[in-house]
Amino acid sequence: MLDFPRWKMWATTLACLIGVAMAIPSMFPESMVAKWPSFLPSARINLGLDLAGGSHLLLEGDTSDVAKQRLDQMEDIMRQELRRAKIEVGDMSTAGGRLTFLVRDPAQVDAAREIANAQTKPVALTGARTFNVAVVDGARMVLTPTQSGLDEALENAMKTAREVVYNRVDPEGTKEVTVIRQGKDRILVQVPGLQDPEGLKALLGKTARLEFKMVAPDQASVQTGRPAVGTQILPMLGGGRIAVLRRAMVNGDQLVDAQQTFNENNEPVVSIRFDSRGSKAFGRVTQQNVNKPFAIVLDEVVLSAPVIQQPILGGQANISGSFTVQTATDLAVQLRSGQLPVELRVIEERTVGPDLGRDSIYKAVVAGIVGTVAILLFMWITYGRFGIYADIALILNVVIILGIMAPFATLTLPGIAGFVLTVGAAVDANVIINERIREEHKRGRRVMEAVQHGYDEARTAIFDANITNVIAGLLLYYFGSGPVKGFAVVMMIGIATSVFTAVTVTRMFVSIWLRKRPTELRI
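Given the structure is predicted, the values throughout are model-derived calculations rather than measurements.

The next point concerns the sheet that holds strand β15 (residues 294-298). Overall, antiparallel pairing links the four strands, which are arranged β12-β9-β15-β16 in an open sheet. Every other strand in the sheet has two partners, leaving β12 (250-251) and β16 (301-304) as the edge strands with one partner each. Two elements, strand β9 (residues 210-214) and β15, share five bridges in a ladder whose sense is antiparallel. Bridge pairing links Met 214 to Phe 294 in β15.

Given below as structure tokens:
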């Protein structure tokens, strides 16, 4: 008896209905879908850059920025380590692209050299150290960055920058944007459907390096333009300049969330929340500096400098700075996605129109319709009723693919190629099954036995063939990028749905038919 229990029949029917329901919004205009009740599916298939047009940006990292950051980090580390070792130093400077400082007690020079050597780790690939340490004039330490160290720092910075850019452009991970490395210091960004790159440039142009610094007690240096030791002069968002302490009390690395909200005056602000370490540091500093101003600094610009009215112990604060709702939202996205470890500048930009994509879609649709109709006729003529069941399964396969892709994937031109290829390959399983049933019937088996053995024996070959295709698709997805990934995604979705419809759905139809006519078989 061809086994297909009732529960399995209902489960298969429900799965098909869900797939069809998810595909329906993509078959109607967006304006019509927007008017549907909220409980109905509304996700539509997103078209890629090559089909819908969009924005294309090529970003280049500022290598000098990486070198400066490395020197600043080494300066902070050396100050802390030398202070911990109670070694007095003076005249510490990062001028000339190297870190220099004077050890006041000549007897402590060797100890200072050991500390410096301990902080200059070897580079993974070359074995060279990140800094060369030397002693000049008996008491002056000089730490010079090595090229190997700079190359490693740039590589790490660009890896992080690529992730930050992706999180800023597609925070939900549903747009299927293309963000890939090109060379050592470049990142390619392609966003489908975005015709104006200015908003994208504004989103990516900021490093989003957030710092909270105390305002310097003495502002006289602002007039002279020469900052005092341990301070720096920064521009303010509304105009003017202000002197702040160079060392940050809390920075953006300690943020766990940032959201656009409104303050008590109904003005757009960015509400931020620190992690436990940042909360403790922020609470400690605000406790020690009540009635003193502190500066909220973003990318070396002071957004505001409010006075600490009372200790802020909850790990939450608001950033204000004459924001609009959009600019506050953009800043929140930038802060949530993390700061860029290197400044990126746009060296190439272009907007791709949808005209070429529209022509490609038209030709692909025509090719798909012609190919599908030819396959449907072939299956019907060759296998009769069983061919009709295969045709129904093929149509369901196409619709379910559309339904699955709507909320999770973006359709590109290579994706259309994978889609058409999947349609052609979807009937392979039915051909194998039907031919196997013919062979079993010719050998003298009864109808029910021939069908049962046909499905059981063909299943192994079908799964083996499709597993190898899935492996190929996974490799394409893992090693590929952009259009190659799009092709792989559509192909793997099509493989899963074609196996389901060809094996399970057709078996359900055949089971229902043979329960009513157990001896009738024309194939």
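Taking strand neighbours across the sheet as the criterion, the three strands line up as β13-β14-β17 in an open arrangement whose pairing is antiparallel. The outermost strands of the open sheet, each flanked by one partner alone, are β13 (255-262) and β17 (316-319). Each neighbouring strand pair of the sheet contributes to a mean axis angle of 25°, computed without reference to strand direction. Across four bridges, strand β14 (residues 268-274) lies against β17 in antiparallel orientation. The residue bridging Ile 272 from the neighbouring strand is Ala 317, located in β17.

The next thing to look at is the packing of aromatic side chains. With the rule as written, the count across this model stands at nine aromatic pairs. Relative to Phe 282, the ring of Phe 274 has its centre 5.1 Å away and its plane inclined at 40°; by these criteria the two rings are tilted. Residues Phe 274 and Phe 282 agree in their burial class; the two are buried. Aromatic rings pair up to connect Phe 212, Phe 274, Phe 282 and Phe 294 into one cluster. The ring of Trp 513 carries Arg 385 above its face, with NZ or CZ at 3.4 Å from the centroid.

Criteria and thresholds
- Residues numbered from 1 in each chain as written.
- Predicted model: local features only at pLDDT ≥ 70, side-chain atom pairs only at ≥ 80, totals over all residues.
- Heavy atoms only, no water.
- Pairing = 2+ DSSP bridges.
- Helix = DSSP H or I, 4+ residues; strand = E, 2+ residues; numbered from the N terminus.
- Axes fitted to C-alpha atoms, helices over the stretch in contact; angles between N-to-C directions.
- Phe/Tyr/Trp six-rings, centres within 6.5 Å; stacked < 30°, edge-to-face > 60°.
- Buried < 20%, exposed > 50% of the residue type's maximum accessible area, 1.4 Å probe, protein only.
- Lys NZ or Arg CZ within 6 Å of the ring centre and 35° of its normal.

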